[in-house]
Amino acid sequence: MSDRLNAWPALDYEDLAPMVDYVNRVVQVAGKYTLDEPFEVGWGNIVLDVTPRGLSTPTLRQRGVTFTVHYNLLDGGVVIEADNGSRTVPLSQGSVATFYASFCDAADELGIHRPRSSLICEIPDAPPCFEDDNVERTWDGHAARLIWTAFNLAADGLEAWQAPFLGHHPRVGVMWGGFDLSATRYRAQPTVPPPHQPPFMQNAQLDAYVSVGFSFGDAKAPNVGMYAYIWPQPDGLGGRSWGVEGAAWHPDAGLVRLPWAKLRETADPHQAIVAFGDAVYDAAVETAGWPSDLVGPRVEGWYMSRTPAALVQHQHG
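- By the naming in an unreviewed UniProt entry, the protein chain goes by DUF5996 family protein and is assigned to Streptomyces sp. 900116325.

As structure tokens, then:
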């Protein structure tokens, strides 16, 4: 096992909560631009990529300007990079309202329209809008690095799990509303979303899916670690094995959880994430009638570049 796979730090919710709360709010600023993109099933169009130093929007093309917004968590700044220049907005001091004003000024200088909404979403007890959040924030570089490290390590495992799926699957990334890392597999089976939910939540559940991800938790449920669920939720999930010691079904939450502390105790946490995801998909096959033939070979690209197709098909047939 490489040193990289050994570098799974301990994560404590209470220590990370202030920075998670802050970063969750500021990533929503650039996240609003992803709502201008064509809708992808399950909101696949909004996810932020985990980069070598933080989180980034995909490449955005609007009003003749092509740009990305990179939240550089390791350096405490946000870089707006466009085809006509770039601007850096600091994260190291001030409030969310101060950051939002500075971000909009920088976007204006590059000819990028301001975000079409300043609403703060999916954060309980937050002020309504970015302009209203005047709490002075203290940037914690150590906590910011831990946040990035957790996302980076979890993304590595989730991308390996996701790669062989033959059906629709948005890229692995951070959902900027709930601030969780998500890997989702879809099948072409329309469902009936629960009523009395906001439209964006109902439209996330128009089709059946399996979701595996990572979350820092929240004050009511400070569960740092991996989670998974099947939508619509089938019967028969209690008493199953979930591929990794310590993973368990929590019926009240409707989630399978694998605590980070248990994950980092495994011999190979990267492979444990893959095994966890496979166990969840097996449960979908066995309890919800998902196709068992939607998963192809899980091999590296070098193998596929040198192995005749007939042999690959035979080995994975």
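## Topic: the sheet that holds strand S12 (residues 225-231)
In step 1: Sheet architecture is open: six strands sit in the order S9-S10-S11-S12-S14-S13, paired in antiparallel fashion. In this open sheet, the two edge strands, each paired with only one partner strand, are strand S9 (173-175) and strand S13 (248-250). When strand polarity is set aside, the average angle formed by the axes of neighbouring strands in this sheet is 35 degrees.
In step 2: Running at roughly 25 degrees to strand S10 (residues 180-190), helix H4 (residues 141-162) makes contact with S9, S10, strand S11 (207-215) and S12 of the sheet.

## A closer look at the pattern of salt bridges
In step 1: Counted under the stated rule, the structure contains 12 salt bridges.
In step 2: For Arg87, the salt bridge identified is with Glu109, shortest N-O distance 2.6 Å. Linking Arg87 in strand S6 (residues 85-90) with Glu109 in helix H3 (residues 96-109), this pair joins segments that are 22 residues apart in sequence.
In step 3: In this structure Glu109 comes out as exposed when scored by relative accessible area, which is 52%.

## Some points on the state of the cysteines
In step 1: Counting across every chain of the model gives zero disulfides.
In step 2: Unpaired in terms of disulfides, Cys104 finds its nearest cysteine sulfur in Cys129, a separation of 12 Å.
In step 3: Cys121 forms no disulfide, and the closest cysteine sulfur to it belongs to Cys129, at a distance of 9.3 Å.
In step 4: Residue classification places Cys121 among the partly exposed residues on the basis of a relative accessible area of 23%.

## A look at the side chain of Thr149
In step 1: Mapped onto the fold, Thr149 is located in helix H4.
In step 2: The class for Thr149 is buried, based on a relative accessible area of 14%.
In step 3: At 2.8 Å, the side chain of Thr149 forms a polar contact with the backbone oxygen of Arg145.
In step 4: Discounting chain neighbours no more than four positions away, the residues touching Thr149 are Ala7 and Pro9.

## A look at the packing of aromatic side chains
In step 1: Applying the stated criterion across every chain, the model contains 19 aromatic pairs.
In step 2: Aromatic pair Tyr22 and Trp139: ring centres 6.0 Å apart, planes at 75 degrees, arrangement edge-to-face. Taken as a pair, Tyr22 in helix H2 (residues 13-34) and Trp139 in the loop between strand S8 (137-138) and H4 lie far apart in primary sequence, 117 residues in all. As far as burial versus exposure is concerned, Tyr22 and Trp139 are alike and both buried.
In step 3: With centroids separated by 4.9 Å and ring planes inclined at 85 degrees, the aromatic side chains of Phe214 and Phe216 adopt a geometry described as edge-to-face.
In step 4: A relative accessible area of 0% means that Phe214 is categorised as buried.
In step 5: The buried category is assigned to Phe216, whose relative accessible area is 2%.
In step 6: Grouped by ring-pair contacts, the aromatic residues Trp8, Phe151, Phe179, Phe214, Phe216 and Trp260 constitute a single cluster.

## Some details on H2
In step 1: Taking the largest bend as the criterion, H2 deviates by roughly 35 degrees, centred on Gln28.
In step 2: By the criterion of burial, H2 is predominantly enclosed, with 18 of the 22 residues buried.
In step 3: For H2, the side-chain oxygen to backbone nitrogen distance between the N-cap and Glu14 is 3.2 Å, and the N-cap itself is Asp12.

The rules behind each value
- Residues numbered from 1 in each chain as written.
- Predicted model: local features only at pLDDT ≥ 70, side-chain atom pairs only at ≥ 80, totals over all residues.
- Heavy atoms only, no water.
- Pairing = 2+ DSSP bridges.
- Helix = DSSP H or I, 4+ residues; strand = E, 2+ residues; numbered from the N terminus.
- Axes fitted to C-alpha atoms, helices over the stretch in contact; angles between N-to-C directions.
- Contact = heavy atoms within 4.5 Å.
- Salt bridge = Lys/Arg side-chain N within 4 Å of Asp/Glu carboxyl O.
- Buried < 20%, exposed > 50% of the residue type's maximum accessible area, 1.4 Å probe, protein only.
- Disulfide = S-S within 2.5 Å.
- Polar contact = N/O pair within 3.5 Å; in protein donor to acceptor, adjacent residues only side chain to side chain.
- Phe/Tyr/Trp six-rings, centres within 6.5 Å; stacked < 30°, edge-to-face > 60°.
- Bend = angle between axes of the 7 residues up to and from the residue.

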